[in-house]
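Below, each chain spelled out in residue letters.
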Amino acid sequence: MNYLTKILNATVYDVAVKTPLDEAAALSKKFGCRFLLKREDLQPVHSYKIRGAYNKMSQLPKSELDKGVICASAGNHAQGVALSAKKLGVKATIVMPVTTPDIKTSAVKSYGASIVLHGDSYSDTYEELHRQIKEHGYTYVAPFDDPDVIAGQGTVGKEILDQAGRDLTAVFVPIGGGGLAAGVSVYVKSVRPWVKVYGVEPEDSDCMYQSLKAGKRVTLDNPGLFADGVCVKQPGEETFKLCKENLDGIVRVS
C-alpha cells in the first residue's frame, strides 16, 4: 500500500485546518535547541482526530454512509466522527462510557450525533458498539487501525515537514493505538528518511513499546488511566506494522 500517495490525496482540509508549528521558547532555552509544538489543539474539535475520521468517512461509498456511522470513544475520536458526519450530512451514533464527563457528551451532541451511554470502560462500550452494528447495520469508523484513518493523521507529518524547514532533526509523536505515529512516521520516512521519528508513551500504558520489544502485538492487562487519551490495551495490527517499520524508537515517560 502506497501510504505516501494516500496521504497526499487525503481530503482532510474540507473540515480540518493547517495548524501552526510554534516554537516553545522556554523549552528551546532549556534544551539548547529549537523546540517546536504542532498545535493540533487549534483544530475545530481541538484534536488531530478530525483528520483521520473525515478522510475515512469522505471516501466511503454512499451506500455505506446512508446506513449511518458509528464509533466507540469517550473523547476526541467521537468528536471527529460527529463533526465529519455533520459535514457529510449523515447520521452518527457514538457509544460512550457512562463515566464520560458532560463536557464531552455535550460537545458530541452539539454536532448532531446520537449518544449511547454504556458501561464503565472502553471494553464495555466496544461490546455495545458491536451490538449496535448487528442490530442497526451501522458503518463502523475505527479510531486508529484503518489505512484511510492513518493516512488522514499522516497529513500532520506533511505539514510538519513543510513548516519546520530543512534543519528538522527529530519528531516526537504520542502513541495510544498508534494511528498518528504510524501516519506521521511513514510520511516522514518516505520523504526525509534521515529525520528521526520517536513515539512517546506513558510507562504504565506502553502497549506499542511492549509490542515492538516482543516482536508481536502485546495486550496490557491494566493500562494506566492518567493520560486517558493514550490509554490503549493493544496497538492496531496495521499501526503496529507501520511503527515497527518506521519508528526509530519509543520514549517512555513517568
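Above this text is the structure in question.
1. Thoughts on the overall build of the protein chain
For the protein chain, the count of helices and strands is 11 helices and 9 strands. The C-alpha atoms of the protein chain give a radius of gyration of 18 Å, which matches the 18 Å a tight globule of 254 residues would have. By its C-alpha atoms, the protein chain is 55 × 40 × 35 Å across when sized along the principal axes. Looking at the protein chain as a whole, 49% of its 254 residues are labelled buried. Expressed as a percentage of contacts within the protein chain between residues at least 6 apart in sequence, the contacts between residues at least 24 apart total 67%. With an accessible surface of roughly 12,300 Å², the protein chain has 52% of that area assigned to carbon and sulfur atoms.

2. Re the pattern of salt bridges
Overall, the coordinates contain 17 salt bridges when judged by the stated rule. Between glutamate 23 and arginine 34 there is a salt bridge whose closest N-O contact spans 3.9 Å. Pair noted here: glutamate 23 is in strand 1 (residues 21-23) and arginine 34 is in the loop between helix 2 (25-31) and strand 2 (36-38), with a separation of 11 residues, a long-range link. The exposure class of arginine 34 is partly exposed, given its relative accessible area of 48%. A salt bridge links glutamate 245 to lysine 241; the shortest N-O distance between them is 3.9 Å. Of this pair, glutamate 245 and lysine 241 both sit in helix 11 (residues 237-246), 4 residues apart, which is roughly one turn of that helix. Where salt bridges share partners, they join Lys38, Glu40, Arg51 and Glu159 into one cluster.

3. Points about the sheet that holds strand 9 (residues 249-253)
With parallel pairing, 3 strands are arranged side by side in an open sheet as 7-8-9. Edge positions in the open sheet fall to strand 7 (170-174) and strand 9, since each of these has one partner strand only. Between one strand axis and the next, the sheet turns by 30 degrees as a mean value, whatever way the strands run. Pairing between strand 7 and strand 8 (residues 196-202): 5 bridges, direction parallel. Within strand 8, the position partnered with valine 171 by the bridge is valine 197. With respect to the sheet, helix 9 (residues 179-191) is in contact with strand 7 and strand 8, its orientation differing from that of strand 7 by roughly 160 degrees. With respect to the sheet, helix 10 (residues 207-214) is in contact with strand 8 and strand 9, its orientation differing from that of strand 9 by roughly 135 degrees.

4. Brief notes about helix 8 (residues 147-164)
Between the first and last C-alpha of helix 8 there are 26 Å, a value that for 18 residues agrees with the 26 Å anticipated at 1.5 Å per step. You can read the cap of helix 8 off the contacts: a side-chain oxygen lies 2.9 Å from the backbone nitrogen of aspartate 148, and it is on aspartate 146. One or two steps after helix 8, the chain reaches glycine 165, where phi turns positive at roughly 85 degrees.

5. Some thoughts on the packing of helix 3 (residues 49-58) against helix 5 (residues 76-88)
Helix 5 packs onto helix 3 with a crossing angle of 45 degrees between their chain directions and a minimal axis gap of 8 Å. On the basis of their axis angle, the class for helix 3 and helix 5 is oblique. Helix-helix and strand crossings are classified by hand; for helix 3 and helix 5 the assignment is right-handed. Contacts between helix 3 and helix 5 involve Lys49, Ile50, Ala53, Tyr54, Met57 and Ser58 on the former and, on the latter, Asn76, His77, Gly80, Val81, Leu83, Ser84, Ala85, Lys87 and Leu88. Here the residues of the contact of helix 3 with helix 5 are counted per class, giving 8 nonpolar, 5 polar and 2 charged.

6. Considerations on the environment of alanine 53
Along the polypeptide, alanine 53 turns up in helix 3. Classification of alanine 53 by relative accessible area gives buried; the value is 1%. Sequence separation between alanine 53 and glycine 229 is 176 residues; the distance between their C-alpha atoms is 16 Å. Discounting residues that sit within four places of it in the chain, alanine 53 has contacts with His77, Gly80, Val81 and Ser84.

Each value, and the rule that gives it
Residues numbered from 1 in each chain as written. Predicted model: local features only at pLDDT ≥ 70, side-chain atom pairs only at ≥ 80, totals over all residues. Heavy atoms only, no water. Helix = DSSP H or I, 4+ residues; strand = E, 2+ residues; numbered from the N terminus. Rg over C-alpha atoms; globule rule 2.2 N^0.38 Å. Buried < 20%, exposed > 50% of the residue type's maximum accessible area, 1.4 Å probe, protein only. Contact = heavy atoms within 4.5 Å. Areas by Shrake-Rupley, 256 points an atom, 1.4 Å probe, with all protein chains shown as cover. Salt bridge = Lys/Arg side-chain N within 4 Å of Asp/Glu carboxyl O. Pairing = 2+ DSSP bridges. Axes fitted to C-alpha atoms, helices over the stretch in contact; angles between N-to-C directions. Expected span 1.5 Å × (residues − 1). Polar contact = N/O pair within 3.5 Å; in protein donor to acceptor, adjacent residues only side chain to side chain. Parallel < 35°, antiparallel > 145°, perpendicular 65-115°, else oblique. Left-handed = near helix turned anticlockwise from the far one by under 90°. Nonpolar A, V, L, I, M, F, W, Y, C, P; charged D, E, K, R; others polar.

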